[in-house]
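# Coordinate analysis (summary)
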Amino acid sequence: MNEQVDVDVVVVGLGPGGEYVAGSLAEAGLDVVGVEAELVGGECPYWGCVPSKMMIRAANLVAETCRAPALAGPATVRPDWSRVADRIRREATDDWNDQVAAERLEAKGGRLVRGIGRLAGERRVTVGDRTFEARRGVVLATGGRPRIPPVEGLAQTPYWTNRDVMAAKELPGSLTVLGGGAVGVELAQVFARFGCRVTVVEGQDRLLSQEEPEAGELAADALRADGVTVLTGVRARQVTYEGGGFGVHVDGEVLRAERLLVATGRYADLGALGVETVGLDPAARAVPTDGRMRAADGLWAVGDITGRGAFTHVSMYQAQITVRDILGQPGPEADYRALPRVTFTDPEIAAVGVTERQARERGLRIRTSLVRLSSSTRGWIHGPGGEGFLKLVEDADRGVLIGATSAGPAGGELLYGLNVAVHAEVPVDRLRHMIYTYPTFHRAVEPALAALA
Ligand SMILES: Cc1cc2nc3c(=O)[nH]c(=O)nc-3n(C[C@H](O)[C@H](O)[C@H](O)COP(=O)(O)OP(=O)(O)OC[C@H]3O[C@@H](n4cnc5c(N)ncnc54)[C@H](O)[C@@H]3O)c2cc1C
Ligand SMILES: NC(=O)c1ccc[n+]([C@@H]2O[C@H](COP(=O)([O-])OP(=O)(O)OC[C@H]3O[C@@H](n4cnc5c(N)ncnc54)[C@H](O)[C@@H]3O)[C@@H](O)[C@H]2O)c1
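An unreviewed UniProt entry lists the chain under the name Dihydrolipoyl dehydrogenase family protein, with Streptomyces vulcanius given as the organism. The heading Sequence similarities (unreviewed entry) in the UniProt record of the chain holds the text "Belongs to the class-I pyridine nucleotide-disulfide oxidoreductase family." For the record of the chain, the UniProt heading Cofactor (unreviewed entry) holds the text "FAD".

We now examine the site of ligand 2. Residues in contact with ligand 2 amount to 27 residues; listed here are only the nearest, Gly-179, Gly-181, Val-183, Gly-203 and Ala-310. Taken together, the elements giving at least two residues each to the shell around ligand 2 come down to α7 (182-193), β9 (197-202) and β18 (340-343). Among the elements that make up the shell around ligand 2, the one with the highest residue count is α7 (4 residues). Each residue belonging to the shell around ligand 2 can be placed in one class, and the counts come to 12 nonpolar, 10 polar and 5 charged. Inspection of the shell around ligand 2 shows a minimum of three residues originating in each of domain 2 (154-264) and domain 3 (340-452).

A word on the site of ligand 1. Around ligand 1, the surrounding shell holds 36 residues, and the nearest of these are Gly-13, Gly-15, Gly-42, Gly-143 and Gly-303. Counting residues per element, the ones that place at least two in the shell around ligand 1 are α1 (16-27), β2 (32-36), α2 (43-47), α3 (49-71) and α9 (312-327). Here the residues of the shell around ligand 1 sort into 15 nonpolar, 16 polar and 5 charged.

It is worth spelling out α9 at this point. The terminal C-alpha atoms of α9 lie 22 Å apart, and with 16 residues this matches the ideal 22 Å at 1.5 Å per residue to within 8%. Among all positions in α9, only Val-314, Ser-315, Tyr-317, Gln-318, Ala-319, Ile-321, Thr-322, Val-323 and Ile-326 are buried. Looking at the buried side of α9, the elements it contacts are β1 (3-12), α1, β6 (130-140) and β17 (299-301). Immediately downstream of α9, the backbone of Gly-328 shows phi near 70°, a positive value.

Turning next to α1. Across its 12 residues, α1 extends 16 Å between first and last C-alpha, which sits within 8% of the 16 Å expected from 1.5 Å per residue. Here α1 lies mainly inside the structure; 11 of its 12 residues are buried. Regarding α1, the residues found buried are Pro-16, Gly-17, Gly-18, Glu-19, Tyr-20, Val-21, Ala-22, Gly-23, Ser-24, Leu-25 and Ala-26. Along its buried surface, α1 packs onto β1, β2, α2, α5 (99-107), β6 and α9.

Let us look at the packing of α3 against helix α4 (residues 81-92). For any two helices packed against each other, the geometry comes down to the angle between their axes and how far apart the axes lie. Contact pair α3 / α4: the axes reach a minimum separation of 10 Å and the direction vectors enclose 145°. The handedness of the crossing between α3 and α4 is right-handed. Between α3 and α4, the contacting residues are Val-50, Pro-51, Met-54, Met-55 and Ala-58 on the first element and Arg-83, Val-84, Arg-87, Ile-88 and Ala-92 on the second. Here the contact of α3 with α4 is composed, by residue class, of 8 nonpolar, no polar and 2 charged.

On to the sheet that holds strand β11 (residues 238-242). Strand order in the open sheet formed by 3 strands is β11-β12-β13, with antiparallel pairing between adjacent strands. Each edge of the open sheet is held by one strand with a lone partner, namely β11 and β13 (253-257). The mean angle between the axes of side-by-side strands here comes to 20°, regardless of whether they run parallel or antiparallel.

Where strands meet in a sheet, backbone hydrogen bonds hold them as pairs that are either parallel or antiparallel. Strand order in this open sheet of 5 strands is β18-β19-β22-β21-β20, and the pairing throughout is antiparallel. Each end of this open sheet is capped by a strand with a single partner; those strands are β18 and β20 (366-372). Strand after strand, the sheet turns through a mean of 10° between neighbouring axes, direction not considered. Examined bridge by bridge, β20 and strand β21 (residues 389-395) share 7 bridges and lie antiparallel to one another. What sits directly across from Thr-368, in β21, is Val-393. Where helix α12 (residues 411-424) meets the sheet, it contacts β18, β19 (348-353) and β22 (400-408), and its direction lies at approximately 180° from that of β22.

The next thing to look at is the domain arrangement of the chain. By the assigned domains, the chain splits into domain 1 (3-41 + 98-144 + 268-327), domain 2 (154-264) and domain 3 (340-452). Between domain 2 and domain 3, the residue contacts involve 12 residues of the former and 16 residues of the latter. Of all the secondary-structure elements, those providing two or more residues to the side of domain 2 that touches domain 3 are α7 and α8 (213-225). Class assignment of the residues belonging to the side of domain 2 that touches domain 3 gives a composition of 7 nonpolar, 1 polar and 4 charged.

With that settled, the discussion passes to the pairing of strand β12 (residues 245-250). Alignment of β11 against β12, held across 5 bridges, turns out to be antiparallel. Paired with Tyr-241 across the strands is Phe-246, a residue of β12. Counting the residues that bridge the hairpin from β11 to β12 gives 2 residues, and of these Gly-243 lies at a positive phi of roughly 60°. Sheet analysis places β12 next to β13, joined by 5 bridges and oriented antiparallel. If you follow Phe-246 over to β13, its bridge partner there is Ala-257. Taking the residues between adjacent antiparallel strands as the criterion, β12 and β13 are bridged by 2 residues, where Gly-252 takes a positive phi near 70°.

Rules used in this analysis
- Residues numbered from 1 in each chain as written.
- Chains lettered and ligands numbered in written order.
- Predicted model: local features only at pLDDT ≥ 70, side-chain atom pairs only at ≥ 80, totals over all residues.
- UniProt positions renumbered as here; feature names shortened; annotations may be inferred.
- Near = placed C-beta within 6 Å.
- Helix = DSSP H or I, 4+ residues; strand = E, 2+ residues; numbered from the N terminus.
- Nonpolar A, V, L, I, M, F, W, Y, C, P; charged D, E, K, R; others polar.
- Domains from an automatic or database assignment.
- Expected span 1.5 Å × (residues − 1).
- Buried ≥ 20, exposed ≤ 12 C-beta atoms within 10 Å, placed from the backbone.
- Contact = placed C-beta atoms within 7 Å.
- Axes fitted to C-alpha atoms, helices over the stretch in contact; angles between N-to-C directions.
- Left-handed = near helix turned anticlockwise from the far one by under 90°.
- Pairing = 2+ DSSP bridges.

Following this line, the structure appears as structure tokens:
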């Protein structure tokens, strides 16, 4: 029997963005239904950011311990994956149980509906045999799923995605990673540091191909130092699985490994969401939104499906704007000029705003600079593990930074000051006359500003 329910707002997908929108609107007194097909909290806490960063914390401890003999004295560590797997089960995911998150939403007054939501026209969502009519509107926050490339044979093999990795209780002896983006490089380093033999296969000419070339080079150097084989500009032609092992056929060679991780990006399946019923293109890569996150009349979209950067902080930022818009509260529109991102390799590779290449493609007159951390006092003091650099991109006509990359130990933390500079358009001349603490990594900003040319 088809049941019809009238509510104020329906939020489809309760990842970081959707959960925030649903909870905030419910707290504000609206009648909110949150629809979730899997776990309240989404990809980030259960299969993404949080478990992967727990792995990275452990892997970095292994690496730091290995650096100790040179600087401090004998130290040994016997990497034990079971501690990582246990911590992910107990502390991060509650064994992939979302009861706490579900109760948190309900405590705020939201109603949780489990199932697959689908648009069925303006302000209307169906979940199974129930139809929800949303007086104010619908918020789409359904994220994405792994994009599996059409490589011959691949679909027939038991390849891993990020989900299998986060649940792995045991480490394979060897791993091939298809894709050298954020997922690929972070996890390749983790596995190598725990003693797994890892090969990364990246189709583009360098790792982290969306970032500065120097970032990709540094990531490759770091991975190779950890024993990872890094192949760039290489495409998989065929994948086989026999005798409990994978064969990845690349030009003239077969890469054999116990496991294969596919980390070749993510996509939003808009066709499955019924977006055509509100006049949107189901074949599009993302839902286009305006500055208030509106996608159509009575429809908002937040998070990965908007295609503005697949990061939890983007989803949360857009969620805040959406909540303000629905509640009729004032506030600035979405602005992605100072979009920050951090790849949590060791060294961390962090960036904000545009790369040099993106700035040139926009026809801007720019000045750039690059300073190696090894030439800074702190980089030299740090010694092993202190590799990194700062790269700045200045809009020469306006005299403000429009892009920066900070790679090195705590590169993501160091990014903060540069993030403020890009976001607030602090004149470079003012930044040049600031006092930079000695001897920090961020003090390298001073010579980098002086070197802009
Ligand atoms: C391995 C890995 C590591 C990552 N690390 C980081 C990091 O360190 N920092 C960072 O900022 N980002 C990181 N990310 C990216 C981050 O996880 C995503 O950008 C973020 O989770 C996107 O949030 P979202 O709000 O779009 O929703 P998602 O987290 O994608 O969740 C969407 C939810 O919608 C549900 N859903 C989908 N379709 C429907 C439907 N039809 N009906 C009902 N429910 C539906 C899904 O079940 C899911 O729960 C990482 C990603 C991965 C894979
Ligand atoms: N630290 C973080 O913030 C973090 C960490 C992990 C993931 N994420 C987000 O999750 C999303 C997914 O990450 P991802 O690494 O899967 O995607 P990605 O788009 O960042 O990287 C995918 C890589 O795979 C390569 N590739 C695609 N097809 C290939 C093929 N057939 N053979 C070889 N290489 C191929 C691409 O050239 C690209 O370099 C990203 O958008 C990222 O923003 C963020």
